[in-house]
Amino acid sequence: MDVRKTVFTKEIITADEMGQACAPITRVAAMAIVRNPFAGIAQTDLAALFDVGAQLGQSLTEELVIMLEARALCYGKAALVGASGAMEHGAAVLHPALGKPVRAAIGGGASLMPSNHKVGAVGASIDLPMGHKDEAWSFDHIDTMTICVPDAPRADEILLCIGLSDGTRAHPRVGKGPNRA
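Residues numbered from 1 in each chain as written. Predicted model: local features only at pLDDT ≥ 70, side-chain atom pairs only at ≥ 80, totals over all residues. Heavy atoms only, no water.

Asker: Run through the overall build of the chain, naming residues and quoting values.
Answerer: Within the chain, the secondary structure is distributed over 3 helices and 7 strands. Put simply, the chain runs from its N terminus to its C terminus through helices and strands in the order β-β-α-β-α-α-β-β-β-β. Its C-alpha atoms give the chain a radius of gyration of 16 Å, near enough to 16 Å, the size a compact globule of 181 residues would have. Considered along the principal axes of its C-alpha atoms, the chain spans approximately 50 × 30 × 30 Å. Across the 181 residues of the chain, 45% fall into the buried class. Look at the contacts in the chain between residues 6 or more apart in sequence, and 76% of them connect residues 24 or more apart. (Helix = DSSP H or I, 4+ residues; strand = E, 2+ residues; numbered from the N terminus. Rg over C-alpha atoms; globule rule 2.2 N^0.38 Å. Buried < 20%, exposed > 50% of the residue type's maximum accessible area, 1.4 Å probe, protein only. Contact = heavy atoms within 4.5 Å.)

Asker: Which residues make up the environment of lysine 133, and what values do they have?
Answerer: By the element assignment, lysine 133 lies in the loop between strand 5 (125-132) and strand 6 (143-148). A sequence separation of 66 residues divides lysine 133 from methionine 67, and the C-alpha atoms of the two residues are 18 Å apart.

Asker: Talk me through the pairing of strand 3 (residues 74-81); I want residue IDs and the actual numbers.
Answerer: Burial within strand 3 is extensive, with 8 of its 8 residues counted as buried. Side chains Cys74, Gly76, Ala78 and Leu80 of strand 3 all project onto a buried face; the interleaved residues Tyr75, Lys77, Ala79 and Val81 project onto the opposite face, where all are buried too. Note: strand 3 against strand 5, 2 bridges, orientation antiparallel. Looking at strand 5, one finds that cysteine 74 is bridged to histidine 132. Bridge count between strand 3 and strand 7 (residues 157-165): 8 bridges; the pairing is antiparallel. If you follow glycine 76 over to strand 7, its bridge partner there is glycine 163. (Pairing = 2+ DSSP bridges.)

Asker: Please provide a residue-by-residue account of the pattern of salt bridges, values included.
Answerer: Side-chain pairs of opposite charge can arise where the charged atoms are in close proximity. Overall, the coordinates contain 8 salt bridges when judged by the stated rule. Aspartate 2 is the salt-bridge partner of arginine 35, the closest N and O atoms lying 4.0 Å from each other. Placement of the pair is arginine 35 in strand 2 (residues 21-35) and aspartate 2 in the segment before strand 1 (3-15), with a sequence separation of 33 residues. Residue classification places arginine 35 among the partly exposed positions, given a relative accessible area of 43%. Classification of aspartate 2 as partly exposed rests on a relative accessible area of 44%. (Salt bridge = Lys/Arg side-chain N within 4 Å of Asp/Glu carboxyl O.)

Asker: Provide a residue-level description of helix 2 (residues 87-94), including the pertinent values.
Answerer: Here helix 2 lies mainly inside the structure; 6 of its 8 residues are buried. Buried residues in helix 2 make contact with helix 1 (47-68), strand 3, helix 3 (99-106), strand 4 (115-119) and strand 7.

Asker: Lay out the pairing of strand 5 with the relevant residues and their values.
Answerer: Here strand 5 lies mainly inside the structure; 6 of its 8 residues are buried. Here 6 bridges tie strand 5 to strand 6, and the two strands are oriented antiparallel to one another. Residue pairing in the sheet places isoleucine 126 in a bridge with isoleucine 147 of strand 6.

Asker: An account of helix 3 is needed here, citing residue identities and associated values.
Answerer: Taken residue by residue, helix 3 has Gly99, Pro101, Val102 and Ile106 as its buried positions. One side of helix 3 carries all its buried residues, which in axial view fall inside an arc of 170 degrees. Opposite the buried face of helix 3, by more than 90 degrees, sit the exposed residues Lys100 and Ala104. Looking at the buried residues of helix 3, the elements they touch are helix 1, strand 3, helix 2 and strand 7. The positive-phi residue at the C-terminal boundary of helix 3 is glycine 107, with phi of around 85 degrees. (Arc of directions from axis to C-beta.)

Asker: If you had to explain the nonpolar core to someone new, which residues and values would you point to?
Answerer: Grouped together as the largest cluster of nonpolar side chains are 28 residues, with contacts concentrated most on Leu56, Leu64, Val93, Ile158 and Leu164. When residues of this core are traced back to their parent elements, those giving at least two are strand 2, helix 1, strand 3, helix 2, helix 3 and strand 7. If one sorts the elements of this core by residue count, helix 1 sits on top with 7 residues. Sequence-distant contacts of isoleucine 158, defined by excluding residues within four places in its chain, comprise Ala32, Ile33, Val34, Asn36, Leu49, Ala79, Leu80, Val81, His89, Val93 and Pro153. (Core = buried A, V, L, I, M, F, W, Y, C linked by side-chain atoms within 4.5 Å.)

Okay, here's the thing in structure tokens:
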């Protein structure tokens, strides 16, 4: 695994978009920019990318837990694949092996980790979806962080993102979920 750089971000939200104060909500994200060994190659066996997801899932989430300070309630993952790669390369770093080490680092998680992956140019943004780690239908916890690293991903890279949050959106008011007023 060839990691060019790692970027971390931390948001502490104290008001909604209209300026109404709220209890602080902390969201953290880690982004690792890794070389895509399959950029420009039609490759069937993507197992090498499964290992990348597992290794980064562990190391990045350990750092995020420290940054978050409170207990993680929400999680999510995303991958932005450089232009010489395929969207399936993003799926390969995210789905088969990344979730288990993330759940281990945060003390469990019964819900499927929300995810997003796409191919994009250098400096493109990607939406990192998040949801409650144990209650998939908790509408209050469905959220998004928009991530951008100005010099990534290069054509032969993948930008892998993992996010955690300690709360809901600011002032959620769309209901609690199906059949849960």
